[in-house]
Amino acid sequence: MSAPKKVSIIGSGNWGSAIAKIVGNNVNHFDAFDKQVKMYVYEEVIDGQKLTEIINSQHENVKYLPGHKIPPNVVAVSDVVEATKDADILIFVVPHQFVKKLVQLMSGNIKSTAIGISLIKGVDYNEGGIQLISKVIGDALNIEISVLMGANLAPEVADEKFCETTIGCRSKEDGKLLKDLIQSHNFRVVVVDDVETVEMCGALKNVVACGAGFVDGLGLGDNTKAAVIRLGLMEMIKFAEVFYSGSKLSTFFESCGVADLITTCYGGRNRKVSEAFVRTGKSIEVLEAEMLNGQKLQGPETAVEVNNMLKARGMEDRFPLFTAIHHICVGEIPASQMVDCIRNHPEHM
């Protein structure tokens, strides 16, 4: 029998801490996993005490997920190399802006046989175009990376309210292992092999959620919001068709697709900040600092990266919602013009 697999979580925000609750419990119920889970925590000082010390003594992330106990077998570690060097399974759950720096530190310091799973919703942009975060991680560490995306607002997952999620994994064996590690009584997992589409859904829905927030801020009502959600879904599908040939339409009807889009457009941080952006006139950056307790928005940055790709291909007019949301986020047009930008959407022609 092979040795139990060691698990490491890279990230400890509200989503990382919510997943740590599930994983920390699950490893105790399967012989396939080592009972200790290491969790990389970016060190902060809270009321004079290090956050890692608070988590390891109080078993609670008092900054990012207060009121929820993390299993005592989850050990907070402030050094990412120390947290990951012995791991067989790496769970990535940090804001996508920090991925490159972390994987650079990890490169050459992890097991060559390790596998990873990314819960990170965002994309990277370079001169060659958009790059999925799973590819950024996989290329840097030379390991296979699966993805997990779904209608999974972290506070509700932490409250153990019923929800679904989608794992995109190319290997059936790894898919089963990851499902055992992550599925719980109220966190149900479906595994599909369409990895790129699962991940692209997780990134693009945050852009659409900004549009939904603008609608809320303008007080335009539920019909307009529903139209933005539908047109957003159509642009997500079209984007995958254009830039990721081989994507499966059925994937958009998993939790990672339409379900995640709906919940994010009604309950996520991108929607909330975008509504405040319209109502207050403050910048996205100021509102992020005021409203998110150190957490990061994904939607506006992803919108920039998506727009760079569309502009380079001369395709902005084929994605008028994505384009309008980007221009609003960076202050090039007022939010009040968003509906005008989509009034003659290609879907209406």
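Going by the structure above, here's the rest.
Residues numbered from 1 in each chain as written. Predicted model: local features only at pLDDT ≥ 70, side-chain atom pairs only at ≥ 80, totals over all residues. Heavy atoms only, no water.

### Quick look at helix H14 (residues 320–329)
Applicable threshold: Burial status follows relative accessibility: with a 1.4 Å probe on protein chains alone, a residue under 20% of its type maximum counts as buried, one over 50% as exposed, and anything between as partly exposed. The helix count covers DSSP runs of H or I at least four residues long, the strand count covers runs of E at least two residues long, and both are numbered beginning at the N terminus. Here, residues are in contact when the closest pair of their heavy atoms is within 4.5 Å.
Among the ten residues that make up H14, ten are buried, leaving the element largely enclosed by the rest of the structure. Turning to H14, its buried residues number three or more, namely Pro320, Leu321, Phe322, Thr323, Ala324, Ile325, His326, His327, Ile328 and Cys329. Where H14 is buried, its residues touch helix H8 (195–218), helix H9 (222–243), helix H11 (269–280), helix H12 (284–291), helix H13 (299–312) and helix H15 (338–342). Directly after H14, the chain includes glycine 331, whose backbone phi takes a positive value near 80°.

### What about helix H2 (residues 51–58)?
The condition is simple: Our arc is simply the arc of the directions from the helix axis toward the C-beta atoms.
Turning to H2, its buried residues are Leu51, Thr52, Ile54 and Ile55. The arc enclosing the buried residues of H2, seen along the axis, measures out at 165°, which places them on a common side. Those residues of H2 that are buried are in contact with strand E2 (33–40), strand E3 (45–46), strand E4 (49–50) and strand E5 (74–77). Directly beyond the C-terminal end of H2, a positive phi value near 55° is found at histidine 59.

### A word on the packing of aromatic side chains
Defined as follows: Note on aromatic pairs: the rings of Phe, Tyr and Trp (six-membered ring only in Trp) are paired at centre separations within 6.5 Å, and the planes decide the class, stacked below 30 degrees, edge-to-face beyond 60, tilted for the rest. Only when the NZ atom of a Lys or the CZ atom of an Arg is both within 6 Å of the ring centre and within 35 degrees of the ring normal do we say a charge sits over the ring.
Scanning all chains against the criterion turns up seven aromatic pairs. The interplanar angle of 65° and the centroid separation of 6.4 Å between the aromatic rings of tryptophan 15 and phenylalanine 187 together place this pair among those described as edge-to-face. Of this pair, tryptophan 15 sits in helix H1 (residues 14–26) while phenylalanine 187 sits in strand E12 (residues 187–192), and the two are 172 residues apart along the sequence. We note that tryptophan 15, like phenylalanine 187, is buried. Aromatic pair phenylalanine 239 and phenylalanine 322: ring centres 6.4 Å apart, planes at 65°, arrangement edge-to-face. With phenylalanine 239 in helix H9 and phenylalanine 322 in helix H14, this residue pair connects regions lying 83 residues apart in the sequence. The exposure class of phenylalanine 322 is buried, given its relative accessible area of 2%. A network of ring pairs unites the aromatic residues Phe239, Phe243, Phe319 and Phe322 as a single cluster. Above the face of the tyrosine 266 ring, lysine 225 is positioned so that its terminal group lies 3.8 Å from the ring centre.

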